[in-house]
Each structure stands twice: as C-alpha cells, then as structure tokens.
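Summary of structural features
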Amino acid sequence: MTDIDLTPLKVAMEEYAPQGRTALLPALYAAQEIYGYLPEHVAAEVARSLKVPLVEVFGVIDFYAMFYREPVGKTVIHVCNDPACAMAGSEPMLKRLTQHLEFHAPDEGFRPSVTIERAPCLGLCEHAPAVLVKGKPIGNADLRTWEEIVENTGHQPGTILGGSISLLTANCGRGQKVSLEEFVNHGGYGALRKALSRTPEAVIEEVKASGLVGRGGAAFPTGVKWEGTARATGSPKYVVCNADEAEPGTFKDRVLMEDDPHTILEGLIIAAYAVGASKGYIYIRGEYLRAYQIMQEAVTEARKAGYLGAAILGKGFNFDIELRRGAGAYICGEETALFESIEGKRGFPRVKPPFPTTFGLFGKPTSINNVETLANIPLILRMGAEAYHRIGTEKSTGSKLFCLSGDVMRPGLYEVPFGTPFRDLLEDLAGGIRSGHTFQSALFGGAAGAFALESHLDVRLSFEDLRTAGLPLGSGVITVFDETRDMRDICLRLAHFFAEESCGKCYPCQMGTQRQLEIMKRVLDGKSLPGDWERLQDTGWTMTDASLCGLGQTAASAVLSAMKHWPQLFQVPETLSR
Amino acid sequence: MSEIINLTIDGKQVAVPPGTTILAAAREAGIEIPTICFHEATTSNALCRICVVEVEGARVLVPSCVAAVGEGMKVQTQSERVIRSRRTILELLESTVDLSEAPEIQQMVVDYQAVNDRFPQAEERQSLPIDDNPMYLRDYSKCILCWRCVQVCAEDAQYTFAINFSGRGYETQISTFYEIPMPESTCVFCGQCVGVCPTGALKPKRQWLLELGRTPDEIMDLTRGERRSRRRRVEPDVNEQA
C-alpha cells in the first residue's frame, strides 16, 4: 500500500486545495484518474489537501457508485439494467460479456483489465440495450462483438428526434453540437441581450406570464421560484442547473446538452440576471461524460465571446458558471441532495423547509432549474410570453419533450405541444407498437411513475388531464410495454433500482425499498407468501406518506399502481395459500 | 409576526411562541409523540420518521421534531395514516436489526401493535461485534442508524471526526476511515457516542464483559494489560525508587 507514489496527486491537488471541501468530488475524480481507484493513502492525501476530515472523505467515496475503493479495470463497462434495456436484451448481453472476463483470484493491488458493472438507467433508452465503455456510450450493444465493445470503435449513437413542433429541439439532431457561431447566427444569445436591456423584475414578470412550470418533475412555476430567490435576503445568490438526469427512461436533458448546449447556458445566464446571482453551477450526472465535455466546451466558448464573465455584453452584469460531475447517485437529482454534493458531501437530502429559494447552495438563496426548463427561457424571451402562452393548453403552456422507449416502432425524443393526445404521440409520431404486437401498458414518469392502460390512450398530455387520469407527467418519460411483457418483472426492476439508489437517511425508504425488493422477488418467482399483498401496501404507503424526500415518497408509486391495475399478478399461488 | 402561535393538536387548543416545533408544542400540551432519532443534545435530522404527524392540508406526513408550528395549524398525532406509518416503521426496524437492548423502541412496538416477524425471509443487517479497543464495543447488528454517534463525534460535540458512514441505502453502516481499527482513527475515546446510543450497539467494554458472565476478577485480569501499559508511562518514578 505504501508504495503508492503520491507525487502526481500532490501536483493535481494544487488546483483543488484552495477551494476546500466543495472541490471534493472533482478532486476525487482527479485522484481516481491517476490511480485507477481510491486507496486509503490517496484518500488521506486528498483529505489533507482539502482540509476535510479523513472519515468524511471516506463517507463520500463510499456513497457514490462511481468512486472505487478497490482496484477496478482500466476499462469499466457499465451495462444498463433498466426496463427499456432489459426488454431489448441487456441480460443475455451481460452474460455474454461476462464470459469474456478472465478469472483471477482476489489479490491485493491486482488490477484487472476489464470490469463489468450493472448500471441503473444510462439515459440511452432510445438506443437500447446500451452500455458505457470508459464513459463512452454504445447503443444497440447486443449487436456488437466483445472486441467492438471493449475497443469502443463504433460511432456515438445519434439523436433520434421526432414530434409535431420544433421549438426546444430546433437546434437538435444535427449529428453534432451546434457551434457558437451557428447558434449566434440563428439568433442565439439574442434573448440574453433582450433580457439585459430590461430590469430583472421585468424578466421575472415575463417568465411568470408565460406560465412556464418546471420540467424536472415537480412542475413548480419557474417565475415564482425566481421571484422568491430574487426577494430573499442573503448573498451571494446562486443559480443551479439540475442536469442530474437519472430517472429511468429519461434522456431529454442529455440530448439538449449534447446537441444544443448554448441554449441551456443562455437560459441559465438569464436566470442569474433575474435573481441577482453572480455564480452558477451545472450539475451533470457522472454517467453523462459526453454531455459534460460538450457543456464544458460551450462554457469556454461563451466565456471567450463575452457571454460569461465580467460585464456581460458590455452591461454591468457579472456572472460565471462552474460545471460539476455527479458520481453515480440518483438521489443527487433531488435538489437539496444536489447542493450537498456540490458542497462535497454525501448526497443526503435535507429537510424542507427551509426551501432553496432562501436556504440553498452553501446556505444561500438559490434558484435551481432543470435543463429543459432553462431551455424554455430564451424561447419565452424571444417570442414573448403572450405568444408562448398560446402554445399548449391554458394550464400547461408551451411544448414538452417526451422520452419514448420500450416496445415502440421508433423510440426517441419527441417534442409536442401540451395537450397532444397520447395516442397521437404513440401511434402517429412514434409509429405505434412494434410490429405484430399490441399495447399493454405504458409507464409514465419513470421509476417514480405510474402505469397507463389502454383506456388511457386518448388522454391528453397536459398536467391537468394527466392529473385527472391519475398519471404523473414527471419529467416526460413514457416507457411502452406490449402484451408479451411480464409487468412483475418491470416492477422488480424498478424495486431493485430504488433499493440501490436509496440514500439510507430516512427509515421508511432505507428499509422499505429493501423489503419492497424482497417481496417483489417472491412475486416474480411465484413464491408470494400469504400477507405479502398487505406487506407491499403497508411498506408502499409508509414510504409514500412518511419518507423524507421525493425519492422515498415515490419509491412505491409504480408498484402500487401495478397492484391497482393487475391485482391478479400479486396473488399468492394456489399451492401456498390455504 | 404575532408573539404567540395558536394551533390545535388532536383537537386541543395550544398556544406557543413562534419557532416552536410541533413536537415541543405537543409535549407542552401533554400529548406524547414517540421519537427515536431525536435527542435534546443533537441536531434533529428528522430521519427516523416515527414522530410524523398529519397536518391538515399537507400532502405528506410531517416530522414533528423539526416542523415549526403555524398559525391555525390543525395537527393529528394519531390519525390512521400516522398509525400505519409508525407501525410499519417499527416492523421494518424489527425485521432489520436486533432491538433486544432498545427498551424504548420495544415499548413502542407494544404500543403500536407492531407485529414481530411481520417481514418473513427478510435480510437482516447482521454483522459481528467489533472489539478493537479497550473502551467500547461496536455491535452494528444493533445499530438503527439514528446518526447520533456520528453527530456527537463531529460538529454536535467533539469535533473528532472518527466515524462516518460506509455504503448507502440498506447497506449503510457506521464506519471509521476505510474501516481501520478505532485506536488508529482520530477517536479520543471521549465516550460521548456510547452515551447517546439508544440500542446498545455501542457499549462500554467492561459492561459487555460483565454481561458475558465474566466475574469482576476476570475482567480485572482481562483489562490488566491496559492498566499496566498506563503505569509504564510513569516509569521514571520506578527508576527513582530503585
């Protein structure tokens, strides 16, 4: 252990040391880049450099799935395990890949060449089954050979785009990110210019008048959030872009970041101006390495061109953006857990209230918005709130990105105005169910969502219509299942996801997700015990009612929805019931 | 803001100063709300959720240990939803850890009619006792992750930072840096963690030996080495005597 040469680490830490604890995740990434994993001595040196207690560095390392305490392969392969990829054959593929692994007896300090890990949804559902090799995505991986996967010589999977309107996705699907030049030539950063010519209050009024609500799942009115942050006492203030997209089945934010990064930056800069923030963060999930690199490039371009930094566009407004990578924790999509993560801590959600608008990042007033929400901002300023309000329905304004995957003919990212019937999206735009099969159900809102049945096909996709139908819009995930799919298997995968991703802070979720998983395993194996129905109900409702954060409160949502729709699937087998 | 907040708890009129928690207001009114992770001396994290109550108009249940009272608030401490959550949380605990030395929680199990073995075939959080120092024993199969020990070791009291968490979710456990033995950690053996542990997961070593049936003499023998080593530190005196 002691033969580890800490010299390169000490050099690397010079960049992070002055920032202190907030630089912990970036510093750990840098250390892991050097040594391949994070042995004790390396962690201790990072702790010393950043002046963080040793044991808290350890706590952070062990919380995040993408930090390794033990040696891992030079090539790490993440195989996606979510419903869409499983339906496309990820399990047999995983087996096939694992057969190629050489077997080694565990040996201290030994570093294998390849490590294969099951991963939660990688946000590549339209390319299922998907794998990440050293952070680089491969779509339709079942069709590739072992060599093709390990070498990762294939093309990056491209954007699959559809829909009936093209506002948010106007710059998407070109096979590469829109350059700054091209972006500006098409009116890019014009909305920022417009915003800076007005007062911050006027910008907030415009956003309020547009009726825009958050696209990350909670649907909170964006203008109201900004107003709350703007009016809060305390400085400095922060704006944060939540790009920790990890809801199984969601990939919209990844596409926006990879194809049209400047629109997001423009939205965030306008947000900062409106609330009076001088610093912004974009927190991108660890699995989205490509999106991170593209956003990083875009930030550099924008800074060079004077859209970021001091006196933006020659006005008296100073603002800059720092990018942060998550490290494999779904919980960090929860806004307060995300703050904790930026602060260099385990991603434990905080108790609310206080809310971020008054007590957010570093305890300061903070406005945190989802990627897609921010992408709407330039649009609203360009076309005006009134014109924007005419898109969609009266109560759900604008357009919405839907991530369609599973058993549809054309899985992909679809943009439609709010109010579009589900049937139009599914049948006309996405080509309907894969040939020869019929619709059984669709999961709305991802793992934290609920199932739609055939009777829901004519529901209009708006907040108000879906609420009436008892379906969550969530972040816009729709995973479609045909008649051949065993919904118990889908529920087991979702239960597994939550058990893996629970942070462990509050009791209902910490233990409830584990019990839910155990019972779902019995259900799938046809070995339900008498009383399992009530156990699932009690566990589910206790998590829903009593958990601390949104993860726990929705961890039973899909299972409870399935129990309502298909009670027969959860029956105790004849042989076991008396 | 008015000087006094008026609310009702289980139909009873209560008047308390602003900023009072629902838990404190209820106690003042003689209404007992159960708590597990709550401790007067540590920061409340509202994580055990046993103290949840139903507040009219709130979408989910509210942790009374941290939620402040509001004017006109209507609180139910014994509603059907509250009872179901408390009972299920207790049953989850029962199925996960060894509560044999947690009399307060055992009483709650009785009060809420929680069923022993409600979750058959459940994976328990088992681990072997860690006996790595002369002062106390750590038996994490009894640990309910109330966080108190971590808190008193950190900013809530001692600023020692010897313990934190390993893993996450169901696999979470209290741990030293890379699971090193306690004497190699920054632990100063102040004993505060042992003092706030509600389940016997942390226990003074001599108490543990007594419970194992060792006689006081045996315990003296077993720990003599430690006392000897302490005596050796004053060796200069020995030389003088010689």
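Report on the accompanying structure. (Residues numbered from 1 in each chain as written. Chains lettered and ligands numbered in written order. Predicted model: local features only at pLDDT ≥ 70, side-chain atom pairs only at ≥ 80, totals over all residues.)

**Description of the packing of helix 2 (residues 24-35) of chain A against helix 3 (residues 40-50) of chain A**
All names here are of chain A. This is how the line gets drawn: Think of each axis as a best-fit line through the C-alpha atoms, taken over the contacting stretch in the case of a helix, with angles from 0 to 180 degrees between the N-to-C directions. Under the DSSP-based scheme used, a helix requires at least four consecutive residues in state H or I and a strand at least two consecutive residues in state E, with every element numbered from the N terminus. Take the far helix as the reference: if the near one is turned anticlockwise from it by less than a right angle, the crossing is left-handed, and if turned clockwise, right-handed. By definition, residue pairs are in contact when their C-beta atoms, positioned from the backbone, come within 7 Å. Any residue that is not Ala, Val, Leu, Ile, Met, Phe, Trp, Tyr, Cys, Pro, Asp, Glu, Lys or Arg is counted as polar, Gly included; the first ten are nonpolar and the last four charged.
Look at helix 2 against helix 3: their axes get within 10 Å of each other, and the N-to-C directions meet at 145°. For the pair helix 2 and helix 3, the crossing hand works out as right-handed. On helix 3, the residues that touch L24, A27, L28, A31 and Y35 of helix 2 are V42, V46 and L50. Classifying every residue of the contact of helix 2 with helix 3 gives 8 nonpolar, no polar and no charged.

**So, the sheet that holds strand 2 (residues 114-119) of chain A**
Two pairing modes exist for strands in a sheet, parallel and antiparallel, and in both the strands are linked by backbone hydrogen bonds. Residues and elements named next belong to chain A. Put simply, the rule reads: Following DSSP output, two strands are said to pair if at least two bridges run between them.
The strand order 2-1-3-4 describes an open sheet built from 4 strands, whose pairing is mixed. A single partner strand is all that each edge strand has here, and the edge strands are strand 2 and strand 4 (136-138). Strand-to-strand twist across the sheet, computed as the mean angle between neighbouring axes with direction ignored, equals 25°. Bridge analysis of strand 1 (residues 75-80) against strand 2 gives 6 bridges, and the strand direction is parallel. Paired with V76 across the bridge in strand 2 is T115. Packed onto the sheet, helix 6 (residues 90-99) meets strand 1 and strand 2 and runs at close to 160° relative to strand 1.

**Thoughts on the pairing of strand 7 (residues 279-284) of chain A**
Where a strand is regular, its side chains alternate between the two sheet faces. Residues and elements named next belong to chain A. Heads up, the condition is: Here a residue counts as buried when 20 or more other C-beta atoms fall within 10 Å of its C-beta, as exposed when 12 or fewer do, and as partly exposed in between; the C-beta atoms come from the backbone.
In terms of residue burial, strand 7 counts as a mostly covered element, since 5 of its 6 residues are buried. Where strand 6 (residues 238-243) and strand 7 come together, 6 bridges link them in parallel fashion. Residue pairing across strands places C241 opposite I282, the latter belonging to strand 7. Relative to strand 8 (residues 320-325), strand 7 is paired through 6 bridges, and the arrangement is parallel.

**Some details on the packing of helix 10 (residues 200-210) of chain A against helix 11 (residues 222-231) of chain A**
Residues and elements named next belong to chain A. Stated precisely, the cut-off is as follows: Geometric relationships in this document are graded by angle, where less than 35 degrees denotes roughly parallel, more than 145 denotes roughly antiparallel, 65 to 115 denotes roughly perpendicular, and other angles denote oblique.
One can describe the packing of helix 10 onto helix 11 by two numbers: an axis separation of 7 Å at closest approach and a directional angle of 155°. Viewed along their axes, helix 10 and helix 11 adopt a mutual orientation that is roughly antiparallel. Of the two possible hands of crossing, helix 10 and helix 11 adopt the one that is left-handed. Where helix 10 approaches helix 11, its residues P200, I204, V207 and K208 are matched on the opposing element by T222, G223, V224, W226, E227 and A230. Its residues assigned to classes, the contact of helix 10 with helix 11 comprises 6 nonpolar, 2 polar and 2 charged.

**Some points on the environment of C193 of chain B**
Its location among the elements puts C193 of chain B in helix 5 (residues 192-196). Leaving out residues up to four positions away in the same chain, C193 of chain B has contacts with C149, V152, C153 and L202 of chain B.

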